[in-house]
Amino acid sequence: MTDLDHLTQSLARNLKRWRNERGFTLDGLAARAGVSRGMIIQIEQARTNPSVGTTVKLADALGVSLTTLLDFDQEPRVQIVPADRAVRMWSTEEGSSSTLLAGTQTPGPLELWSWHLEPGDGSSSDPHPSGTFELVHVRSGELTLVVEGEEHLLAPGTSASFEASGTHAYRNDGTEPVEMMMVVSVPPVR
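Cut-offs used in this document
- Residues numbered from 1 in each chain as written.
- Predicted model: local features only at pLDDT ≥ 70, side-chain atom pairs only at ≥ 80, totals over all residues.
- Heavy atoms only, no water.
- Helix = DSSP H or I, 4+ residues; strand = E, 2+ residues; numbered from the N terminus.
- Buried < 20%, exposed > 50% of the residue type's maximum accessible area, 1.4 Å probe, protein only.
- Contact = heavy atoms within 4.5 Å.
- Areas by Shrake-Rupley, 256 points an atom, 1.4 Å probe, with all protein chains shown as cover.
- Salt bridge = Lys/Arg side-chain N within 4 Å of Asp/Glu carboxyl O.
- Axes fitted to C-alpha atoms, helices over the stretch in contact; angles between N-to-C directions.
- Parallel < 35°, antiparallel > 145°, perpendicular 65-115°, else oblique.
- Nonpolar A, V, L, I, M, F, W, Y, C, P; charged D, E, K, R; others polar.
- Pairing = 2+ DSSP bridges.
- Polar contact = N/O pair within 3.5 Å; in protein donor to acceptor, adjacent residues only side chain to side chain.
- Left-handed = near helix turned anticlockwise from the far one by under 90°.
- Phe/Tyr/Trp six-rings, centres within 6.5 Å; stacked < 30°, edge-to-face > 60°.
- Lys NZ or Arg CZ within 6 Å of the ring centre and 35° of its normal.
- Patch = residues over 30% accessible without salt bridge, like charges linked within 9 Å, V, L, I, M, F, W, Y side chains within 5 Å.
- pLDDT = per-residue confidence, 0-100.

Asker: Can you help me understand the overall build of the protein in this one?
Answerer: From N to C terminus, the protein includes five helices and 11 strands. With 190 residues in all, the protein has 36% of them scored as buried. Nonlocal contacts in the protein, meaning residues at least 24 apart in sequence, comprise 70% of its contacts between residues at least 6 apart. Per element, the accessible surface of the protein, about 10,900 Å² overall, is 51% carbon and sulfur.

Next up, the structure:
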């Protein structure tokens, strides 16, 4: 795949994502940007490479920078936060503390889950709506996180965040139970 192919795919994905996050219809974005609805459809389907001027108009209409709209390597699909990278935000001499394990920027409802997976057990999930994020923190055991077919091994104390709009699964391939916490952030209905 060439750099231009990567850029076309990145622009298609990011344009659709930001349009959905802003709650714009195709017609709404077309009117705000002064770009035809047909052009937006072609860009979102990665069937065209728009001019710089068109891309700038779309970025401005979405309220994001051009680099944000084009940057296909801005963030990895899955953010892994090893235990030693978690940030202690507050502590007392008595031993109380709060630690920021993982975070992501997304508006909407949040759900906090506690999970227990016995060895050899697992759970898979269909894709959630675009813009849904999940944060996971493994308290004990070793979790295999699978996001769109890519496996990530999470040791105790490790946290991860990812966009859950693709297939994903949680497995315990180890010999000890997995205890984990999960937060699900669902985009607001517009």
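Asker: It is not clear to me how the pattern of salt bridges should be interpreted in this structure. Could you clarify?
Answerer: Any two side chains of opposite charge can pair if their charged atoms end up close together. Per the counting criterion, the structure on display carries six salt bridges. Across the salt bridge formed by glutamate 151 and arginine 171, the nearest N and O atoms sit 3.0 Å from each other. Remark: arginine 171 occurs in strand E10 (residues 168-171) and glutamate 151 occurs in strand E8 (residues 150-154); sequence separation between them is 20 residues. If you follow the salt bridges from partner to partner, you end up with Glu151, Arg171 and Asp173 in one network.

Asker: Where do I start with the packing of helix H2 (residues 26-33) against helix H4 (residues 52-62) in this structure?
Answerer: Two quantities define a packed helix pair, namely the angle between the helix axes and the distance between the axes. In the contact formed by H2 and H4, the axes pass within 8 Å of each other and the chain directions differ by 110°. Considering their axes alone, H2 and H4 lie roughly perpendicular with respect to each other. Facing H2, whose interface residues are Leu29, Arg32 and Ala33, H4 presents Lys57, Leu58, Ala61 and Leu62. The class makeup of the residues in the contact of H2 with H4 is five nonpolar, no polar and two charged.

Asker: Is there a simple way to think about the sheet that holds E10 in this case?
Answerer: For sheets, the rule is that strands pair by backbone hydrogen bonds, running either parallel or antiparallel. Across the sheet, four strands lie side by side as E5-E10-E7-E8; this open sheet has antiparallel pairing. Strands at the two margins of the open sheet, each flanked by one partner only, are strand E5 (122-125) and E8. Neighbouring strand axes in the sheet, compared pairwise and without regard to direction, differ in orientation by 15° on average. Relative to E8, strand E7 (residues 143-147) is paired through five bridges, and the arrangement is antiparallel. Residue pairing for E8: valine 147 is matched across the bridge by glutamate 150.

Asker: Honestly, the side chain of serine 159 in this entry has me stumped. Any pointers?
Answerer: With respect to the helices and strands, serine 159 occurs in strand E9 (residues 159-163). By relative accessible area, serine 159 is classed as buried at 1%. Among the polar contacts made by the side chain of serine 159, one reaches the side chain of histidine 137 at a distance of 2.8 Å.

Asker: Got a minute to help me understand the packing of H2 against helix H3 (residues 37-44) in this structure?
Answerer: Where H2 contacts H3, the two axes come as close as 9 Å, and the packing angle between them is 115°. As summarised for this structure, H2 and H3 are arranged roughly perpendicular, according to the angle between their axes. Here H2 and H3 pass one another in a crossing that is right-handed. Here Leu26, Asp27, Leu29 and Ala30 of H2 come into contact with H3, specifically with Arg37, Ile40, Ile41 and Glu44. For the contact of H2 with H3, a count of residues per class yields five nonpolar, no polar and three charged.

Asker: Explanation requested: the packing of aromatic side chains in the structure shown.
Answerer: For any two aromatic rings, the description comes down to two numbers: the centre-to-centre distance and the angle of the planes. Applying the stated criterion across every chain yields a total of one aromatic pair. Where tryptophan 115 meets tyrosine 170, the ring centres are 5.3 Å apart and the plane angle is 50°; that geometry is what we call tilted. Taken together, the positions of tryptophan 115 in strand E4 (residues 110-117) and tyrosine 170 in strand E10 put the pair 55 residues apart, joining distant regions of the chain. For tryptophan 115, a relative accessible area of 19% gives the class buried. Given a relative accessible area of 3%, tyrosine 170 falls into the buried group. Above the plane of the ring of tryptophan 18 lies arginine 17, whose end atom (NZ or CZ) is 5.5 Å from the centre.

Asker: When you look at a nonpolar patch on the surface in this model, what are you seeing that I'm missing?
Answerer: A cluster of nonpolar side chains, namely Val52, Val56 and Leu66, defines an oily patch on the protein surface of about 220 Å² accessible area. Tracing the sequence through the fold places valine 56 in helix H4.

Asker: How do you make sense of the confidence of the model for the protein when you look at a structure like this?
Answerer: Low pLDDT marks stretches whose predicted atomic positions should not be read closely. Taken as a whole, the protein shows an average pLDDT of 84; of its residues, 86% reach a score of 70 or greater. Across the protein, the secondary-structure element scoring lowest on mean pLDDT is strand E3 (residues 97-100), at 67, and the one scoring highest is E8, at 97.

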